[in-house]
Amino acid sequence: MTTTTTDMSAVPVLEASGVTMRFGGLVAVHNVDLTVRAGEIVGLIGPNGAGKTTFFNCLTGLYVPTEGKVTYQGNVLPPKPHLVTTAGVARTFQNIRLFANMTVLENVLVGRHTRTKEGLWSALLRGPGFKKAEAASHERAMELLEFIGLAEKADHVARNLPYGEQRKLEIARALASDPGLLLLDEPTAGMNPQETRAAEELIFAIRDQGIAILVIEHDMRFIFNLCDRVACLVQGEKLVEGTPEVVQGDERVVAAYLGTPFEGAPGAEEAAEVEAAEAASSGTGSPKESGTGSGTGTGSGPGSGSLKSGTTGTEGEAQ
Ligand SMILES: Nc1ncnc2c1ncn2[C@@H]1O[C@H](COP(=O)(O)OP(=O)(O)OP(=O)(O)O)[C@@H](O)[C@H]1O
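Just so it is clear, the structure is predicted and the values come from calculations on it, not from any experiment.

**Here we look at the sheet that holds strand β5 (residues 75–76)**
Backbone-to-backbone hydrogen bonds join strands into a sheet, with any given pair of strands oriented parallel or antiparallel.
Inference 1: Taken in spatial order, the 4 strands of this open sheet run β2-β1-β4-β5, and their pairing is antiparallel. Each end of this open sheet is capped by a strand with a single partner; those strands are β2 (26–37) and β5.
Inference 2: Along the sheet face, helix α1 (residues 52–59) touches β1 (12–23), β2 and β4 (67–72) and points at about 120° away from the line of β1.

This is the structure we're talking about:
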């Protein structure tokens, strides 16, 4: 007798094929294929305007792609965001979208509603079924707050949380729908290096819970540390896809995404000296702001980060 074992990591969770999105004459996403397998963290990078968020919107039912197909666990995803969430795909947004005046706990409970079956009458009458479901939701929401480290702030009003915690809360709310795939759109935007490192740990922990992850991010250090695979979009098309090593070494990606040297890069110091000298000789007096990067790797556009993970840390950070 032969036994066959299935390598779970090879099972596709999400499969997007030939996804194209046009806005009038503008082709924001063109013929993009992308697969996310069970247990994977996949990164989506690319310069500003490359089509990353549009692609996310095509995956999550906010946009109906002009062409192409998106399946989750083998089933075509419905073109409605709430149905996509019910199917098992949750997301966060580039700009925080919390219910600012609700408490931390209430925000997570809102995310739970796709998993509660009690109807309007049951809610109005507050029968035993409703009370049981409510208690279960509450328990699950507290579990999630514990998981992301916000349990002690369950009763705080969301708008009073520090920025990094608001981002975490968004993730908890997305997790409340018990997804099998989590899409994160720039989860570390605006975070300080400590918050970014904590976010990295949190995402690994989410993956370890069996949730596949697709993440858009401009912080190259973060993305290359985190991801098993990275795809780079440029002008709506997938330029390259591969391991972090392959993608960060791809000269087309370097050229398309950065185009300029960065602090700490070989030759960057010399380049900065030359630039300063040129600025002085052109009579401007002070060297102009250049694309050499701030060294944090957290910028949001071409020239704002490094493609070498571990080379762009802020002073004092472990490399
Ligand atoms: N609803 C829309 N209507 C028209 N054009 C749009 C719409 N949404 C996005 N676009 C255009 O599609 C292109 C891709 O934008 P998108 O926001 O997807 O890029 P991005 O890679 O996510 O950029 P960023 O990194 O700056 O967030 C841009 O030219 C943008 O102006």
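Now that the structure has been shown, the text picks up again.
**Structural notes on the pattern of salt bridges**
Inference 1: Under the definition given, this model contains 15 salt bridges.
Inference 2: When the shortest N-O distance is used, the salt bridge between arginine 112 and aspartate 178 registers 3.0 Å. Taken together, the residues arginine 112 in the loop between α3 (104–111) and α4 (120–125) and aspartate 178 in the loop between α6 (163–175) and β7 (181–185) connect sequence positions 66 residues apart.
Inference 3: Residue arginine 112 is classed as buried on the basis of its relative accessible area, which comes to 13%.
Inference 4: Here aspartate 178 falls in the partly exposed class, since its relative accessible area comes to 34%.
Inference 5: Here glutamate 170 and arginine 167 are joined by a salt bridge, their closest N and O atoms 4.0 Å apart. Of this pair, glutamate 170 and arginine 167 both sit in helix α6, 3 residues apart, roughly one helical turn. Side by side, glutamate 170 and arginine 167 carry an identical accessibility label, which is buried.

**A short note on unusual backbone geometry**
Inference 1: Not every positive phi belongs to a glycine, and aspartate 178 is a case in point at roughly 50°.
Inference 2: Located in the positive-phi region is glutamine 235, a residue other than glycine, with phi close to 50°.
Inference 3: One can find glutamine 235 in the loop between β9 (229–234) and β10 (237–242).

**Topic: α6**
Inference 1: The end-to-end C-alpha separation of α6 is 19 Å, in line with the 18 Å expected for 13 residues at 1.5 Å each.
Inference 2: Within α6, 11 of the 13 residues are buried, which leaves it mostly tucked inside the rest of the structure.

Conventions used here
- Residues numbered from 1 in each chain as written.
- Predicted model: local features only at pLDDT ≥ 70, side-chain atom pairs only at ≥ 80, totals over all residues.
- Heavy atoms only, no water.
- Pairing = 2+ DSSP bridges.
- Helix = DSSP H or I, 4+ residues; strand = E, 2+ residues; numbered from the N terminus.
- Contact = heavy atoms within 4.5 Å.
- Axes fitted to C-alpha atoms, helices over the stretch in contact; angles between N-to-C directions.
- Salt bridge = Lys/Arg side-chain N within 4 Å of Asp/Glu carboxyl O.
- Buried < 20%, exposed > 50% of the residue type's maximum accessible area, 1.4 Å probe, protein only.
- Expected span 1.5 Å × (residues − 1).

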